Amino acid sequence: MGKEIVLFKSEEPRDIQNVSAFLHELADKLAGNKVVLRQGAQEIEVDVPNNVVLELKVEEEDKKGKTQRSLEIEIEWYEGDEAQ
């Protein structure tokens, strides 16, 4: 199994309207096959192929006596592998 290297990470509290606007903007960028992510001085540009794997997951976890839920959206592909 290969080693995972985190190239960019961002986690910040936002209201749901702001998250919705971000996801719309991200969707528009994905349609152009190129995404640029920025946070402070950190920036990464990602070329996304036409064929990807979309993974959706809803999780529930008990933390400190409270139930934490998460909705994860993951888009995966192999670098240089256009035909999947």
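Residues numbered from 1 in each chain as written. Predicted model: local features only at pLDDT ≥ 70, side-chain atom pairs only at ≥ 80, totals over all residues. Heavy atoms only, no water.

### A look at the overall build of the protein chain
Counting its secondary structure elements, the protein chain contains one helix and four strands. Relative to a compact globule of 84 residues, whose C-alpha radius of gyration would be 12 Å, the protein chain shows 15 Å and is clearly more extended. Based on the C-alpha atoms only, the size of the protein chain along its principal axes is roughly 45 × 30 × 25 Å. For the protein chain, the residues scored as buried account for 5% of the 84 residues in total. Across the protein chain, every contact between residues at least 6 apart in sequence was considered, and the portion connecting residues at least 24 apart equals 33%. Just so you have it, the protein chain exposes about 7700 Å², and 51% of that area is on carbon and sulfur atoms. Of note, the protein chain has its 11 positive side-chain charges centred 7 Å away from the centre of its 20 negative side-chain charges. (Helix = DSSP H or I, 4+ residues; strand = E, 2+ residues; numbered from the N terminus. Rg over C-alpha atoms; globule rule 2.2 N^0.38 Å. Buried < 20%, exposed > 50% of the residue type's maximum accessible area, 1.4 Å probe, protein only. Contact = heavy atoms within 4.5 Å. Areas by Shrake-Rupley, 256 points an atom, 1.4 Å probe, with all protein chains shown as cover. Lys, Arg positive; Asp, Glu negative; His and termini not counted. Charge placed at Lys NZ, Arg CZ, Asp CG, Glu CD.)

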